[in-house]
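Given next are the chains, with one letter for each unit.
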Amino acid sequence: MGIRLGDNQYGKAEVRLVHITRDTPVHGIKDINYGSQLRGDLETVHTEGDNGTCLPTDTQKNTVYAKAKEWGGVGAIEDFALKMARHFVDEHEYVYGARQEVEEYTWERIATGEGPHDHAFVRKGAETRTAVVTKDGDSEWVVSGFSGLTVLKSTGSEFHGYPKTKYTTLAETDDRILATDVTARWRYIGTGVEWDKTYESVKALALEAFAETHSLALQQTLYAMGKAVLEAHPEIAEIKFSMPNNHHFLVDLSPFGLDNPNEVFFAADRPYGLIEAVVERDDAPEAGRAWETVPGFV
Ligand SMILES: O=c1[nH]c(=O)c2[nH]c(=O)[nH]c2[nH]1
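- If you look the chain up in an unreviewed UniProt entry, it shows as Uricase from Nocardiopsis suaedae.
- For the chain, the Pathway (unreviewed entry) comment in UniProt is given as "Purine metabolism; urate degradation; (S)-allantoin from urate: step 1/3."

## Regarding the site of the ligand
Consideration 1: The environment of the ligand is made up of Phe159, Leu170, Arg176, Ala217, Leu218, Gln219 and Asn245.
Consideration 2: Asn245 is positioned such that a nitrogen or oxygen atom in its side chain is 3.2 Å from a nitrogen atom of the ligand.
Consideration 3: In the complex, the protein chains occlude 71% of the 290 Å² of accessible area that the ligand would expose alone.
Consideration 4: With respect to the pocket detection grid, the ligand is positioned in the largest pocket.
Consideration 5: Taken together, the residues of the shell around the ligand break down into 4 nonpolar, 2 polar and 1 charged.

## Thoughts on unusual backbone geometry
Consideration 1: Omega for the bond connecting Arg270 with Pro271 falls within 30 degrees of zero, at -10°, which places this linkage in the cis form.
Consideration 2: Relative to the assigned elements, Pro271 resides in the loop between β11 (264-267) and β12 (273-280).
Consideration 3: Residues other than glycine seldom take positive phi values, yet Asn262 does so here, at roughly 60°.
Consideration 4: Mapped onto the elements of the fold, Asn262 is located in the loop between β10 (248-250) and β11.

## Brief notes about the layout of surface pockets
With a probe scaled to a water molecule rolled over the atoms, the places where space remains empty come into view.
Consideration 1: Taken as a whole, the largest pocket holds about 580 Å³ of empty space.
Consideration 2: Forming the walls of the largest pocket are 22 residues, and the residues nearest its centre are Leu170, Thr173, Arg176, His248 and Phe249.
Consideration 3: Contributions of two or more residues to the lining of the largest pocket are made by α5 (218-232), β10 and β12.
Consideration 4: The calculated volume of the second largest pocket comes to roughly 350 Å³.
Consideration 5: Considering the residues around the second largest pocket, the lining is formed by 19 residues, among which Arg16, Arg123, Asp181, Asn246 and Ala268 are closest to the centre.
Consideration 6: Of all the elements in the fold, those that place two or more residues in the lining of the second largest pocket are β7 (139-153), β8 (178-188) and β9 (236-245).

Thresholds applied
- Residues numbered from 1 in each chain as written.
- Predicted model: local features only at pLDDT ≥ 70, side-chain atom pairs only at ≥ 80, totals over all residues.
- Heavy atoms only, no water.
- UniProt positions renumbered as here; feature names shortened; annotations may be inferred.
- Near = heavy atom within 4 Å.
- Polar contact = N/O pair within 3.5 Å; in protein donor to acceptor, adjacent residues only side chain to side chain.
- Areas by Shrake-Rupley, 256 points an atom, 1.4 Å probe, with all protein chains shown as cover.
- 1 Å grid on protein atoms, 1.4 Å probe; cavity = no way out; pocket = protein on both sides within 12 Å on 5 of 7 lines; lining within 4 Å.
- Sits in = over half its atoms within 2 Å of the grid points.
- Nonpolar A, V, L, I, M, F, W, Y, C, P; charged D, E, K, R; others polar.
- Helix = DSSP H or I, 4+ residues; strand = E, 2+ residues; numbered from the N terminus.
- Points joined across faces, edges and corners; volume = space filled by probe spheres on them.

Following this line, the structure appears as C-alpha coordinates:
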(Lines give C-alpha, C1' and ligand atoms only; values in the text may rest on other atoms or scores of the structure.)
Protein backbone atom coordinates (compact mmCIF):
# COMPACT_ATOMS: atom_id res chain seq x y z
CA MET A 1 0.00 0.00 0.00
CA GLY A 2 1.42 3.37 -0.98
CA ILE A 3 0.72 6.59 0.75
CA ARG A 4 1.16 9.86 -0.94
CA LEU A 5 0.54 13.54 -0.43
CA GLY A 6 -2.58 14.89 -2.08
CA ASP A 7 -3.54 18.45 -2.93
CA ASN A 8 -2.17 20.99 -0.55
CA GLN A 9 -1.74 24.70 -0.02
CA TYR A 10 -0.61 26.85 2.87
CA GLY A 11 -0.37 30.46 3.88
CA LYS A 12 -1.48 33.11 6.33
CA ALA A 13 -5.16 33.56 7.00
CA GLU A 14 -6.90 36.70 8.20
CA VAL A 15 -4.17 39.27 7.84
CA ARG A 16 -5.97 42.32 9.14
CA LEU A 17 -4.70 45.38 7.36
CA VAL A 18 -5.90 48.95 7.58
CA HIS A 19 -4.35 51.42 5.17
CA ILE A 20 -4.83 55.14 5.68
CA THR A 21 -4.23 57.50 2.77
CA ARG A 22 -3.10 60.72 4.36
CA ASP A 23 -1.49 62.85 1.66
CA THR A 24 -4.08 65.53 2.40
CA PRO A 25 -6.16 66.34 5.51
CA VAL A 26 -9.01 64.40 3.87
CA HIS A 27 -7.99 60.87 4.75
CA GLY A 28 -8.99 57.70 2.97
CA ILE A 29 -9.37 54.28 4.59
CA LYS A 30 -9.08 50.77 3.23
CA ASP A 31 -9.80 47.98 5.68
CA ILE A 32 -9.24 44.39 4.62
CA ASN A 33 -8.93 40.86 5.88
CA TYR A 34 -6.41 39.11 3.65
CA GLY A 35 -5.77 35.42 3.15
CA SER A 36 -2.75 34.18 1.23
CA GLN A 37 -2.49 30.52 0.24
CA LEU A 38 0.35 29.24 -1.92
CA ARG A 39 0.84 26.02 -3.87
CA GLY A 40 4.13 24.77 -5.15
CA ASP A 41 7.02 22.46 -4.72
CA LEU A 42 5.93 21.33 -1.28
CA GLU A 43 6.22 17.56 -1.40
CA THR A 44 9.32 17.24 0.76
CA VAL A 45 8.15 19.91 3.16
CA HIS A 46 5.34 17.51 4.06
CA THR A 47 7.14 14.20 3.74
CA GLU A 48 10.53 15.11 5.19
CA GLY A 49 10.19 18.45 6.89
CA ASP A 50 12.57 19.94 4.34
CA ASN A 51 11.59 23.62 4.34
CA GLY A 52 13.86 24.66 1.48
CA THR A 53 10.83 25.55 -0.65
CA CYS A 54 8.52 26.76 2.12
CA LEU A 55 8.06 30.52 1.96
CA PRO A 56 7.02 31.08 5.57
CA THR A 57 3.47 32.18 6.22
CA ASP A 58 5.01 34.95 8.29
CA THR A 59 6.80 36.22 5.19
CA GLN A 60 3.54 36.07 3.25
CA LYS A 61 1.92 38.24 5.92
CA ASN A 62 4.80 40.75 5.93
CA THR A 63 4.65 40.92 2.14
CA VAL A 64 0.98 41.91 2.29
CA TYR A 65 1.76 44.81 4.65
CA ALA A 66 4.88 45.88 2.74
CA LYS A 67 3.13 45.83 -0.64
CA ALA A 68 0.30 48.00 0.71
CA LYS A 69 2.99 50.59 1.43
CA GLU A 70 5.08 50.04 -1.72
CA TRP A 71 2.04 50.23 -4.00
CA GLY A 72 0.77 53.38 -2.28
CA GLY A 73 -2.31 51.67 -0.87
CA VAL A 74 -4.55 48.72 -1.57
CA GLY A 75 -6.79 49.98 -4.37
CA ALA A 76 -9.43 47.63 -5.74
CA ILE A 77 -9.14 44.39 -3.79
CA GLU A 78 -9.22 42.38 -7.03
CA ASP A 79 -6.19 44.27 -8.31
CA PHE A 80 -4.39 43.96 -5.00
CA ALA A 81 -4.98 40.19 -4.85
CA LEU A 82 -3.95 39.73 -8.49
CA LYS A 83 -0.74 41.68 -7.97
CA MET A 84 -0.01 39.73 -4.79
CA ALA A 85 -0.62 36.41 -6.54
CA ARG A 86 1.67 37.42 -9.40
CA HIS A 87 4.31 38.61 -6.96
CA PHE A 88 4.38 35.32 -5.07
CA VAL A 89 4.43 33.17 -8.19
CA ASP A 90 6.78 35.32 -10.29
CA GLU A 91 9.33 36.00 -7.57
CA HIS A 92 9.73 32.47 -6.19
CA GLU A 93 10.47 29.63 -8.58
CA TYR A 94 9.23 27.05 -6.07
CA VAL A 95 5.76 28.67 -5.88
CA TYR A 96 3.49 27.56 -8.75
CA GLY A 97 0.14 28.90 -7.75
CA ALA A 98 -1.65 31.12 -5.30
CA ARG A 99 -5.11 31.52 -3.88
CA GLN A 100 -5.49 35.00 -2.50
CA GLU A 101 -8.67 35.93 -0.71
CA VAL A 102 -9.77 39.36 0.44
CA GLU A 103 -12.70 40.62 2.46
CA GLU A 104 -13.18 44.35 2.52
CA TYR A 105 -14.96 46.20 5.29
CA THR A 106 -16.40 49.38 3.86
CA TRP A 107 -16.60 52.69 5.65
CA GLU A 108 -18.32 55.98 5.02
CA ARG A 109 -17.54 59.40 6.38
CA ILE A 110 -19.43 60.49 9.49
CA ALA A 111 -21.91 63.25 8.63
CA THR A 112 -21.47 66.42 10.67
CA GLY A 113 -23.11 69.85 10.61
CA GLU A 114 -20.28 70.95 8.31
CA GLY A 115 -20.60 68.00 5.95
CA PRO A 116 -18.75 64.70 5.68
CA HIS A 117 -15.88 64.49 8.18
CA ASP A 118 -12.26 64.46 6.96
CA HIS A 119 -10.97 61.64 9.13
CA ALA A 120 -13.88 60.08 11.05
CA PHE A 121 -15.66 57.10 9.58
CA VAL A 122 -18.56 54.78 10.36
CA ARG A 123 -18.68 51.22 9.10
CA LYS A 124 -21.27 50.69 6.40
CA GLY A 125 -24.20 48.50 7.34
CA ALA A 126 -26.86 49.02 9.93
CA GLU A 127 -26.23 48.79 13.62
CA THR A 128 -28.64 46.72 15.71
CA ARG A 129 -31.34 48.81 17.36
CA THR A 130 -32.51 47.61 20.79
CA ALA A 131 -35.34 48.33 23.22
CA VAL A 132 -36.19 46.96 26.66
CA VAL A 133 -39.59 47.88 28.10
CA THR A 134 -40.44 47.12 31.73
CA LYS A 135 -43.89 47.53 33.27
CA ASP A 136 -44.64 47.13 36.95
CA GLY A 137 -48.19 48.11 37.93
CA ASP A 138 -48.59 51.65 36.61
CA SER A 139 -44.88 52.26 36.24
CA GLU A 140 -43.35 51.95 32.77
CA TRP A 141 -39.74 52.29 31.72
CA VAL A 142 -38.22 52.31 28.26
CA VAL A 143 -34.53 51.70 27.61
CA SER A 144 -33.52 52.13 23.98
CA GLY A 145 -30.14 51.56 22.42
CA PHE A 146 -27.97 50.20 19.71
CA SER A 147 -25.02 47.89 19.32
CA GLY A 148 -22.55 47.31 16.54
CA LEU A 149 -22.08 50.93 15.52
CA THR A 150 -18.46 50.68 14.40
CA VAL A 151 -16.52 53.92 14.10
CA LEU A 152 -12.93 54.94 13.45
CA LYS A 153 -10.87 58.10 13.43
CA SER A 154 -7.64 57.99 11.49
CA THR A 155 -6.17 60.93 13.44
CA GLY A 156 -7.26 63.34 16.16
CA SER A 157 -6.61 60.83 18.93
CA GLU A 158 -3.81 60.83 21.50
CA PHE A 159 -3.05 58.82 24.61
CA HIS A 160 -0.38 59.90 27.10
CA GLY A 161 0.14 61.10 30.66
CA TYR A 162 -0.88 57.79 32.22
CA PRO A 163 0.94 56.34 35.24
CA LYS A 164 3.96 54.13 34.42
CA THR A 165 4.81 51.04 36.41
CA LYS A 166 7.51 48.45 35.87
CA TYR A 167 4.98 46.56 33.74
CA THR A 168 4.25 49.47 31.40
CA THR A 169 5.41 48.99 27.82
CA LEU A 170 2.77 51.10 26.03
CA ALA A 171 4.37 54.03 24.23
CA GLU A 172 2.76 57.41 24.60
CA THR A 173 1.27 58.70 21.38
CA ASP A 174 0.00 62.00 20.05
CA ASP A 175 -1.45 60.49 16.90
CA ARG A 176 -3.16 57.12 16.80
CA ILE A 177 -6.17 55.45 15.26
CA LEU A 178 -9.18 55.48 17.55
CA ALA A 179 -11.72 52.78 16.74
CA THR A 180 -14.59 51.21 18.60
CA ASP A 181 -17.90 49.38 18.25
CA VAL A 182 -20.37 51.46 20.19
CA THR A 183 -23.00 49.77 22.30
CA ALA A 184 -25.30 52.29 23.95
CA ARG A 185 -28.49 52.10 25.98
CA TRP A 186 -30.40 55.11 27.23
CA ARG A 187 -33.31 55.44 29.66
CA TYR A 188 -36.21 57.68 28.81
CA ILE A 189 -38.09 59.81 31.28
CA GLY A 190 -41.70 58.97 30.41
CA THR A 191 -43.16 57.33 27.34
CA GLY A 192 -44.46 60.26 25.27
CA VAL A 193 -41.50 60.05 22.93
CA GLU A 194 -41.16 60.06 19.14
CA TRP A 195 -39.17 56.85 19.22
CA ASP A 196 -37.85 56.69 15.66
CA LYS A 197 -36.93 60.34 15.42
CA THR A 198 -35.22 60.34 18.79
CA TYR A 199 -33.32 57.17 17.97
CA GLU A 200 -31.92 58.72 14.79
CA SER A 201 -31.01 61.90 16.63
CA VAL A 202 -29.19 60.08 19.46
CA LYS A 203 -27.21 58.09 16.93
CA ALA A 204 -26.32 61.20 14.90
CA LEU A 205 -25.30 63.14 18.02
CA ALA A 206 -23.12 60.28 19.26
CA LEU A 207 -21.47 59.95 15.86
CA GLU A 208 -20.84 63.67 15.52
CA ALA A 209 -19.34 63.87 19.02
CA PHE A 210 -17.08 60.92 18.22
CA ALA A 211 -15.93 62.68 15.04
CA GLU A 212 -15.52 66.17 16.48
CA THR A 213 -13.90 65.38 19.83
CA HIS A 214 -10.13 65.61 19.69
CA SER A 215 -9.59 62.59 21.87
CA LEU A 216 -7.07 62.30 24.70
CA ALA A 217 -8.66 59.01 25.82
CA LEU A 218 -11.53 56.86 24.62
CA GLN A 219 -13.07 57.58 28.02
CA GLN A 220 -13.12 61.29 27.17
CA THR A 221 -14.74 60.58 23.81
CA LEU A 222 -17.37 58.40 25.48
CA TYR A 223 -18.24 61.17 27.92
CA ALA A 224 -18.47 63.75 25.12
CA MET A 225 -20.85 61.47 23.22
CA GLY A 226 -23.12 61.05 26.25
CA LYS A 227 -23.04 64.75 27.08
CA ALA A 228 -24.06 65.69 23.54
CA VAL A 229 -27.02 63.31 23.72
CA LEU A 230 -28.22 64.49 27.16
CA GLU A 231 -27.85 68.19 26.29
CA ALA A 232 -30.08 67.78 23.23
CA HIS A 233 -32.63 65.39 24.77
CA PRO A 234 -34.20 66.38 28.09
CA GLU A 235 -36.45 63.31 27.79
CA ILE A 236 -33.40 61.06 28.33
CA ALA A 237 -32.30 60.53 31.93
CA GLU A 238 -29.04 58.70 31.34
CA ILE A 239 -27.06 56.90 28.68
CA LYS A 240 -24.73 53.96 29.21
CA PHE A 241 -21.93 53.05 26.84
CA SER A 242 -19.81 49.97 26.38
CA MET A 243 -16.97 50.62 23.95
CA PRO A 244 -14.08 48.33 23.09
CA ASN A 245 -10.83 50.02 22.18
CA ASN A 246 -10.18 48.32 18.84
CA HIS A 247 -6.41 48.59 18.74
CA HIS A 248 -4.62 49.37 15.48
CA PHE A 249 -0.89 48.78 15.71
CA LEU A 250 1.49 50.48 13.33
CA VAL A 251 3.31 47.82 11.32
CA ASP A 252 7.09 48.09 11.56
CA LEU A 253 8.14 48.18 7.91
CA SER A 254 11.72 49.30 8.64
CA PRO A 255 13.14 45.76 8.16
CA PHE A 256 12.02 46.11 4.53
CA GLY A 257 13.54 49.58 4.11
CA LEU A 258 10.13 51.25 4.22
CA ASP A 259 8.92 54.06 6.44
CA ASN A 260 5.43 53.98 7.87
CA PRO A 261 4.15 57.41 8.83
CA ASN A 262 0.80 56.18 10.22
CA GLU A 263 -0.32 54.53 6.99
CA VAL A 264 -0.23 50.74 7.39
CA PHE A 265 -1.80 49.22 10.49
CA PHE A 266 -2.46 45.79 11.91
CA ALA A 267 -6.03 45.75 13.20
CA ALA A 268 -5.92 43.48 16.26
CA ASP A 269 -9.10 41.80 17.42
CA ARG A 270 -8.09 40.70 20.92
CA PRO A 271 -7.32 41.49 23.60
CA TYR A 272 -8.97 44.88 23.52
CA GLY A 273 -9.53 47.64 26.04
CA LEU A 274 -13.13 47.87 27.20
CA ILE A 275 -14.37 51.26 28.28
CA GLU A 276 -17.77 51.49 29.98
CA ALA A 277 -19.51 54.38 31.69
CA VAL A 278 -22.84 55.97 32.43
CA VAL A 279 -23.41 59.63 31.59
CA GLU A 280 -26.35 60.89 33.58
CA ARG A 281 -28.41 63.92 34.47
CA ASP A 282 -27.93 64.84 38.15
CA ASP A 283 -31.65 65.57 38.54
CA ALA A 284 -32.89 62.46 36.73
CA PRO A 285 -35.79 60.54 38.28
CA GLU A 286 -34.95 57.20 39.89
CA ALA A 287 -34.31 54.37 37.45
CA GLY A 288 -36.74 52.07 39.27
CA ARG A 289 -36.76 48.70 37.54
CA ALA A 290 -35.67 50.11 34.14
CA TRP A 291 -32.30 48.35 34.08
CA GLU A 292 -33.38 45.08 35.63
CA THR A 293 -32.23 42.22 33.43
CA VAL A 294 -30.51 44.51 30.91
CA PRO A 295 -27.25 42.61 30.58
CA GLY A 296 -23.67 43.62 30.32
CA PHE A 297 -23.56 47.13 31.65
CA VAL A 298 -22.12 49.01 34.58
O1 LIG B 1 -8.14 55.64 25.33
C2 LIG B 1 -7.53 54.79 26.01
N3 LIG B 1 -7.90 54.58 27.29
C4 LIG B 1 -7.27 53.68 28.09
O5 LIG B 1 -7.64 53.51 29.28
C6 LIG B 1 -6.18 52.97 27.54
N7 LIG B 1 -5.35 52.02 28.03
C8 LIG B 1 -4.52 51.67 27.04
O9 LIG B 1 -3.61 50.80 27.14
N10 LIG B 1 -4.78 52.39 25.92
C11 LIG B 1 -5.82 53.21 26.21
N12 LIG B 1 -6.50 54.11 25.47
